Number of protein chains: 2
Amino acid sequence: MKYRKIPDETIRRLPMYLRAFSLLRTEATETISSRQLAQRLGLNSPQIRKDLSYFGAFGTRGVGYPVEATARRIRQILKLNKVQKAVLIGAGRLGTALVAYPGFSSFNLDIAAVLDNDPKKIGKKIGPIKIENTDRISTLKKRDIRLAILAVPAEAAQKTTENLVKAGIRGILNLSPCHLKPARPVKIIDIDLASQLGILPYYM
Amino acid sequence: MKYRKIPDETIRRLPMYLRAFSLLRTEATETISSRQLAQRLGLNSPQIRKDLSYFGAFGTRGVGYPVEATARRIRQILKLNKVQKAVLIGAGRLGTALVAYPGFSSFNLDIAAVLDNDPKKIGKKIGPIKIENTDRISTLKKRDIRLAILAVPAEAAQKTTENLVKAGIRGILNLSPCHLKPARPVKIIDIDLASQLGILPYYM
DNA sequence: CTTTGTTTGTGAATGTGAGCACAAATACCA
DNA sequence: TGGTATTTGTGCTCACATTCACAAACAAAG
Ligand SMILES: NC(=O)c1ccc[n+]([C@@H]2O[C@H](COP(=O)([O-])OP(=O)(O)OC[C@H]3O[C@@H](n4cnc5c(N)ncnc54)[C@H](O)[C@@H]3O)[C@@H](O)[C@H]2O)c1
Ligand SMILES: NC(=O)c1ccc[n+]([C@@H]2O[C@H](COP(=O)([O-])OP(=O)(O)OC[C@H]3O[C@@H](n4cnc5c(N)ncnc54)[C@H](O)[C@@H]3O)[C@@H](O)[C@H]2O)c1
C-alpha cells in the first residue's frame, strides 16, 4: 500500500486487537481470520484488515493472521514491547481502584508511583506502592516515568497538568471532567465518565 | 436549518456543554458567546454553533447564548430534565468509586441500586445504598430503572448483559474490557480504561 | 435613525474514516 | 499439476464530521 497517514481511529483500536490476540494465545490458537476476529470484537472484517495493513502485510492469504507474531507486532507499534511506567496523581476513590487493577500489566503498563497532597494519605500504602507527596513530581523524570493518570478534583487538574508537563510527562490520561491546557503540546486523552453515562438517556 | 440527522458526535458533546453552562450559572453569567465557550472547552466555535443549531436557534446574534435557557434546553434534549435512575452491577473497586461519586447528580443521574453476587457483600451498604443480590435484577423494571453501569469481571459481562436486557434495561455503560452482544438492540457505551492508557505511548 | 461592531446560523468546502468489491496469494485435495 | 476454497490487501466510493466564510440579526452609541 502506498503511504498514507495512519488514522487516529486505527491507533485507538490497536489495544483492543492486542488484547484479543493475547487472549487467543492463552487459548492456544495459532492463527485467526479477520472475519472471526471481527465477530469477537463487533467490527467489520475489512476494518481490521485495513487497520493492520497500515503497518505492512503480516497475515497469510487463505489462512489469517498468526496470533503470536501479530501480537508482538502490535506491541511494537504501540511501544508496549517494553514496560511503560505511569504515575497516578490523586489517590482518591477512583485512583485507588486504578492502582489495584491488574489489567494494565497485560499491556506492559505499570503504575510505578502514586502522588497525593493529602498529609493523611502520604506515606500510606496501596498494595505494594507507597503514596508520595505531590512535590515529588520533580523526581518523575529521573525515575523514567513519562505517563500520568490524572485523578484529582477538577479544580486541581489544570495546575497539576502544568506541573506534570514541567516534570517531563509526555502523555496524560485525564479522568477529571475538564479541558486541560498544557504549556507544551502533550498527548491528552480525556475520559469523562459522568458525561458518558449522560449520553445514554438520549438513545432510549 | 433544513432537517438533517443529528450526528452522534454532536450528542457526545452535549453533556460537556451542559456541564459548562451549569458552571457558568454558578458564576452568575447571563450569556456566553460560542467563542468564549470554545476557548474553555478546547473546541472551535463553529463546532459549538453547529451542534446547538441542530436543535433550533436559541442564541442571540451579537450577544451569544443565554446560559440558563440553553442549559435547560440541552437537559431536555438529553432527557436529563427529569432524574434518570441507573443500576450498578458489580460493587468492586471501580463500582464503589462510581457509587460514591457526587458528580452524576448534576446531570440528574442517580445510581439508585447496586447489585452483586458476592454473599459477603450483599446486605452491606455503600453510603446510603444497600447492595442487593444479583437475582433482584428482575425488580429493576418496576423500580423504573432503565440504565445500567456494568462493572463486573469480563467473564461475567456477557451473561449479565443478557439478564439486563431481559430486565428491560435500555442503555448500558460497559466498563469491562470486552464486546457485549445484547439479544435486543440496546445502546451500549464501552469505556476501556486500560486500552486508553495503552494508546498514550504511541504518541510519545 | 443610521452607523458600527459583534455574534449567530448555515450552505459549501474540506477532511477523515468506514465499507465494498475484487484481484492476488495461499492451502489443500484429487 | 490443476482446480477449488479461503482469506488477505487495497483502490475506490460513500458517509460522516469538521471547518470555513459570510449573510442575517441584533445591540449600542451617536
Ligand atoms: N469517582 C468516580 O467514580 C469518578 C467518576 C467520574 C469522574 N471522576 C473524576 O475523577 C477525579 C477523582 O475522583 P475521585 O472520586 O477519586 O475523587 P476523590 O476526592 O476521592 O480523590 C481525589 C484525590 O486527589 C487528591 N488531591 C486533591 N488535590 C490534589 C492535588 N493538588 N495534588 C495531588 N492530589 C490531590 C485528594 O487528596 C484525593 O485523594 C475527579 O476529578 C472526579 O471528577 C471520578
Ligand atoms: N478497577 C479498575 O481500575 C478497572 C480499570 C479498567 C477496567 N476495569 C474493569 O471493570 C470491571 C470491574 O473492575 P473492578 O476492579 O471493580 O473488579 P472487582 O473484582 O474489584 O469487582 C468486581 C465485582 O463484581 C462482582 N461480581 C462478579 N461476578 C458477578 C456477577 N456475575 N454478577 C454480579 N456481580 C458480580 C464481584 O463480587 C465484585 O464485587 C472489570 O471488568 C474490569 O476489567 C476496572
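Every value quoted in this text rests on a predicted model; they were computed, and no experiment measured them.

Rules of the game
- Residues numbered from 1 in each chain as written.
- Chains lettered and ligands numbered in written order.
- Predicted model: local features only at pLDDT ≥ 70, side-chain atom pairs only at ≥ 80, totals over all residues.
- Heavy atoms only, no water.
- Helix = DSSP H or I, 4+ residues; strand = E, 2+ residues; numbered from the N terminus.
- Buried < 20%, exposed > 50% of the residue type's maximum accessible area, 1.4 Å probe, protein only.
- Areas by Shrake-Rupley, 256 points an atom, 1.4 Å probe, with all protein chains shown as cover.
- Lys, Arg positive; Asp, Glu negative; His and termini not counted.
- Charge placed at Lys NZ, Arg CZ, Asp CG, Glu CD.
- Least-squares fit on C-alpha atoms with pLDDT ≥ 70 in both.
- Contact = heavy atoms within 4.5 Å.
- Buried area = accessible area lost by both parts, 1.4 Å probe.
- Salt bridge = Lys/Arg side-chain N within 4 Å of Asp/Glu carboxyl O.
- 1 Å grid on protein atoms, 1.4 Å probe; cavity = no way out; pocket = protein on both sides within 12 Å on 5 of 7 lines; lining within 4 Å.
- Points joined across faces, edges and corners; volume = space filled by probe spheres on them.
- Nonpolar A, V, L, I, M, F, W, Y, C, P; charged D, E, K, R; others polar.
- Domains from an automatic or database assignment.
- Near = heavy atom within 4 Å.
- Polar contact = N/O pair within 3.5 Å; in protein donor to acceptor, adjacent residues only side chain to side chain.
- Pairing = 2+ DSSP bridges.
- Axes fitted to C-alpha atoms, helices over the stretch in contact; angles between N-to-C directions.

(A) Focus on the overall build of chain A. The helix and strand inventory of chain A stands at seven helices and nine strands. The buried share of chain A, reckoned over its 204 residues, is 48%. With the model as given, the accessible surface of chain A reaches about 10300 Å², and the carbon-plus-sulfur share is 52%. Between the centroid of the 35 positive side chains of chain A and the centroid of its 16 negative side chains there is a distance of 5 Å.

(B) Expanded view of the relation of the copies chain A and chain B. Superposing chain A onto chain B takes a rotation of 180 degrees combined with a translation of 0.0 Å along the rotation axis, leaving an RMSD of 0.0 Å. The symmetry that links the two subunits is that of a two-fold axis. Both copies present the same face, since 100% of the interface residues in chain A are matched by interface residues at the equivalent positions in chain B.

(C) Structural view of the interface of chain A and chain B. The interface of chain A with chain B comprises 54 residues on the first partner and 54 residues on the second. Both faces considered, chain A and chain B share a buried interface measuring about 5100 Å² in area, 72% of it formed by carbon and sulfur atoms. When the buried area of chain A at its contact with chain B is split by residue, Leu 197, Tyr 202 and Met 204 of chain A rank highest and sum to 15% of it. For the pair chain A and chain B, the interface holds two salt bridges. Of the charged contacts, one joins Asp 192 of chain A and Arg 19 of chain B as a salt bridge, the two residues approaching to 2.4 Å between their closest N and O atoms. Of all the secondary structure elements, the ones that give two or more residues to the side of chain A that touches chain B are helix H1 (8–26), helix H2 (34–41), helix H5 (93–100), strand E7 (147–150), strand E8 (171–174), strand E9 (187–190) and helix H7 (193–199) of chain A.

(D) Structural context of the layout of surface pockets. All names here are of chain A. As a volume, the second largest pocket reaches approximately 420 Å³. Surrounding the second largest pocket, 16 residues form its lining, Arg 49, Ala 57, Gly 59, Arg 61 and Tyr 65 being those nearest its centre. Ranked by residue count, the leading element in the lining of the second largest pocket is helix H3 (residues 45–53), at three residues. Here the lining of the second largest pocket is composed, by residue class, of six nonpolar, eight polar and two charged.

(E) Highlighting the domain arrangement of chain A. Under the domain assignment used here, chain A contains domain 1 (8–77) and domain 2 (84–197). Between the C-alpha centres of domain 1 of chain A and domain 2 of chain A there is a distance of 30 Å.

(F) Here's a closer look at the site of ligand 2. Neighbouring ligand 2 are 23 residues; Tyr 101 of chain A together with Leu 94, Asp 116, Lys 121 and Val 152 of chain B lie closest to it. Near ligand 2, the surrounding residues belong to chains A and B. Contact between ligand 2 and Tyr 101 of chain A: an oxygen atom at 2.9 Å from a side-chain N or O atom of the residue. Within the backbone of Arg 93 of chain B, an N or O atom sits 3.0 Å from an oxygen atom of ligand 2. The fraction of the free accessible surface of ligand 2 (820 Å²) that becomes covered by protein chains is 86%. Listed by contribution, the elements that provide at least two residues to the shell around ligand 2 are H5 of chain A together with helix H5 (93–100) and helix H6 (154–166) of chain B. Taken together, the residues of the shell around ligand 2 sort by class into 14 nonpolar, five polar and four charged.

(G) Representation of the side chain of Asp 116 of chain B within the structure. Residue and element names in this part refer to chain B. Looking at the element boundaries, Asp 116 is found in strand E4 (residues 109–116). Put simply, Asp 116 is tucked away with no salt bridge, and the nearest opposite charge, on Lys 121, sits 4.5 Å away. Polar contacts involving the side chain of Asp 116 include one to the main-chain amide nitrogen of Asp 118, which spans 2.9 Å. The residues touching Asp 116, leaving out its near neighbours within four places in the chain, are Gly 90, Ala 91, Gly 92, Lys 121, Ile 122, Ile 131, Glu 132, Asn 133 and Thr 134.

(H) Spotlight on the sheet that holds E8 of chain A. All names here are of chain A. Spatially, the seven strands line up as an open sheet ordered E5-E6-E4-E3-E7-E8-E9, and their pairing is mixed. Whereas interior strands pair on both sides, the edge strands pair on one side only; in this sheet they are strand E5 (125–126) and E9. Where strand E3 (residues 84–89) meets E7, four bridges bridge the pair, whose relative direction is parallel. Within E7, the residue paired with Val 87 across the bridge is Ala 148. Across the sheet, H5 is in contact with E3, strand E4 (109–116), E5, strand E6 (129–133) and E7; its angle to E4 comes to roughly 150 degrees.

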